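Survey of secondary and tertiary structure
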Amino acid sequence: MIVHVPDGFLDAPTSLAAGAVAVAGVAVSLRGARRELDDRTAPLAGLTAAFVFAAQMLNFPVAAGTSGHLLGGALAAILVGPYAGVLCVSVVLLLQALLFADGGLSALGTNVIVMALVTVPVGYLLFRALLRILPKTRPAASAAAFVAAAVSVPASALSFTLLYAVGGTTDVPIGTVAAAMVGVHLLIGVGEGLITAFAVSSVLAVRPDLVYGARELIKPVVLRTASPAAETATEGRA
């Protein structure tokens, strides 16, 4: 499964480069999130980060002793927007590294790339693309969320494989790493998709206006007025 990359798994130059990319990505997201969040949606970003934090602490079985956990990038992007989504997942990774030693501090940039900077844009762009061709309904949006989240997981695994190919410190062949990571994460993606679809569908059912990625599903309010004939009859009685 995708776990938080520990210290020493990638060599120092690769870790430093990954850290620089992560800092740049978070900086861009800080600026972009100002356009996505306001007084109404900011609390949802906090709730989303808290949910991802808790969900990443729980593993679900996949196959042959393998387990997986929610990454949350697609979910965060759909609910609060891609820039805010990157910030949500990055804050979660930082807290986990500091409080639970879940992933090394020197590997924090790698983890941000793998679990935030890859999953968020992949999940969000695929979700938005599917909404353009699917019916504008809640079930269709839930299906799009499932597919987007499911695809984001093997994409994340592939990004880790590429980083490993550049600076891995073990002797495991890159082909073996790629087959193991992408193959298993195709299955883990199913779990990610189910969780994401359920969460998105639940929010759409009660507050569709808070789902950033599905704003077109909000039906405009139509004010009903009396017909001209009814107004004339009313005036005649008066």
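This text goes with the structure placed above it.
Quantities reported herein were computed from a predicted structural model and do not represent experimental measurements. (Residues numbered from 1 in each chain as written. Predicted model: local features only at pLDDT ≥ 70, side-chain atom pairs only at ≥ 80, totals over all residues. Heavy atoms only, no water.)

Each helix and strand in the protein chain was counted, giving nine helices and two strands. Helices (α) and strands (β) of the protein chain occur, in sequence order from the N terminus, as α-α-β-β-α-α-α-α-α-α-α. Here the protein chain holds 238 residues, and 46% of them are scored as buried. Considering only intrachain contacts with a sequence separation of at least 6, the fraction spanning at least 24 residues in the protein chain is 77%. Summed over its atoms, the accessible surface of the protein chain is roughly 11900 Å², and 70% of this surface lies on carbon and sulfur atoms. (Helix = DSSP H or I, 4+ residues; strand = E, 2+ residues; numbered from the N terminus. Buried < 20%, exposed > 50% of the residue type's maximum accessible area, 1.4 Å probe, protein only. Contact = heavy atoms within 4.5 Å. Areas by Shrake-Rupley, 256 points an atom, 1.4 Å probe, with all protein chains shown as cover.)

So, on to the packing of helix α1 (residues 12–36) against helix α5 (residues 108–117). Two elements in contact, α1 and α5, have axes separated by 7 Å at closest approach and are oriented at 50°. Taken together, the axis directions place α1 and α5 in an arrangement best described as oblique. Between α1 and α5 the crossing geometry is left-handed. Between α1 and α5, the residues in contact are Ala18, Gly19, Val21, Ala22, Gly25 and Val26 and Gly109, Thr110, Val112, Ile113 and Leu117, respectively. (Axes fitted to C-alpha atoms, helices over the stretch in contact; angles between N-to-C directions. Parallel < 35°, antiparallel > 145°, perpendicular 65-115°, else oblique. Left-handed = near helix turned anticlockwise from the far one by under 90°.)

With that out of the way, let us pick up the packing of aromatic side chains. In this description, a pair of aromatic rings is defined by centroid distance and the angle of the planes. All told, the structure shown has four aromatic pairs when counted by the stated rule. Measuring from centroid to centroid gives 5.9 Å for Phe9 and Phe160, while their planes differ by 35°, and the two rings are tilted. Here Phe160 lies in helix α7 (residues 138–167) and Phe9 lies in the segment before α1, a separation of 151 residues in the sequence. Summarising the aromatic geometry, the rings of Tyr124 and Tyr212 are spaced 6.3 Å apart at their centres and angled 40° between planes, so their arrangement reads as tilted. One end of the pair, Tyr124, is in helix α6 (residues 119–133); the other, Tyr212, is in the loop between α8 (174–206) and α9 (228–237), and 88 residues separate them in sequence. We classify Tyr212 as buried; its relative accessible area is 18%. Members of the aromatic cluster, joined through ring pairs, are Phe9, Phe160 and Tyr164. (Phe/Tyr/Trp six-rings, centres within 6.5 Å; stacked < 30°, edge-to-face > 60°.)

Once that is clear, we can look at the nonpolar core. Leu79 and Phe127 are the most contacted members of the largest nonpolar core, which has 52 residues in total. Only α1, α2 (42–56), α3 (73–80), α4 (82–100), α5, α6, α7 and α8 provide two or more residues apiece to this core. The leading source of residues in this core is α7, at nine residues. Residues contacting Phe127, with those up to four places away along its chain left out, are Ile78, Ala141, Ala144, Ala145, Ala148, Gly213 and Ala214. Ala77, Val120, Tyr124 and Tyr212 belong to the second-largest nonpolar core, a separate cluster that totals five residues. (Core = buried A, V, L, I, M, F, W, Y, C linked by side-chain atoms within 4.5 Å.)

The next thing to look at is the pattern of salt bridges. Where side chains of opposite charge bring their charged atoms close, a pairing between them can arise. In the structure shown here, the tally under the stated rule is two salt bridges. Arg40 is the partner of Asp209 in a salt bridge, and the nearest nitrogen-oxygen pair spans 3.1 Å. Within this pair, whereas Asp209 is found in the loop between α8 and α9, its partner Arg40 is found in the loop between α1 and α2, the two being separated by 169 residues in sequence. According to the relative accessible area criterion, Asp209 is partly exposed, its value standing at 28%. The closest approach of N and O atoms between Arg207 and Asp209, which form a salt bridge, is 2.8 Å. A cluster of three or more residues bridged by salt bridges with shared partners is formed by Arg40, Arg207 and Asp209. (Salt bridge = Lys/Arg side-chain N within 4 Å of Asp/Glu carboxyl O.)

What follows deals with α3. For α3, a buried count of eight out of eight residues is recorded, marking the element as mostly surrounded by other parts of the structure. Among all positions of α3, only Gly73, Ala74, Leu75, Ala76, Ala77, Ile78, Leu79 and Val80 are buried. Where α3 is buried, its residues touch α1, α2, α4, α6, α7 and α8. The first or second residue beyond α3 is Gly81, which carries a positive phi of 105°.

To continue, consider a nonpolar patch on the surface. Taken together, the side chains of Met57, Leu58, Val91, Leu94, Leu95, Leu98, Leu99, Phe100 and Leu105 define a hydrophobic patch exposed on the protein surface, amounting to about 870 Å² of accessible area. Looking at the secondary structure, you find Met57 in the loop between α2 and β1 (60–63). (Patch = residues over 30% accessible without salt bridge, like charges linked within 9 Å, V, L, I, M, F, W, Y side chains within 5 Å.)

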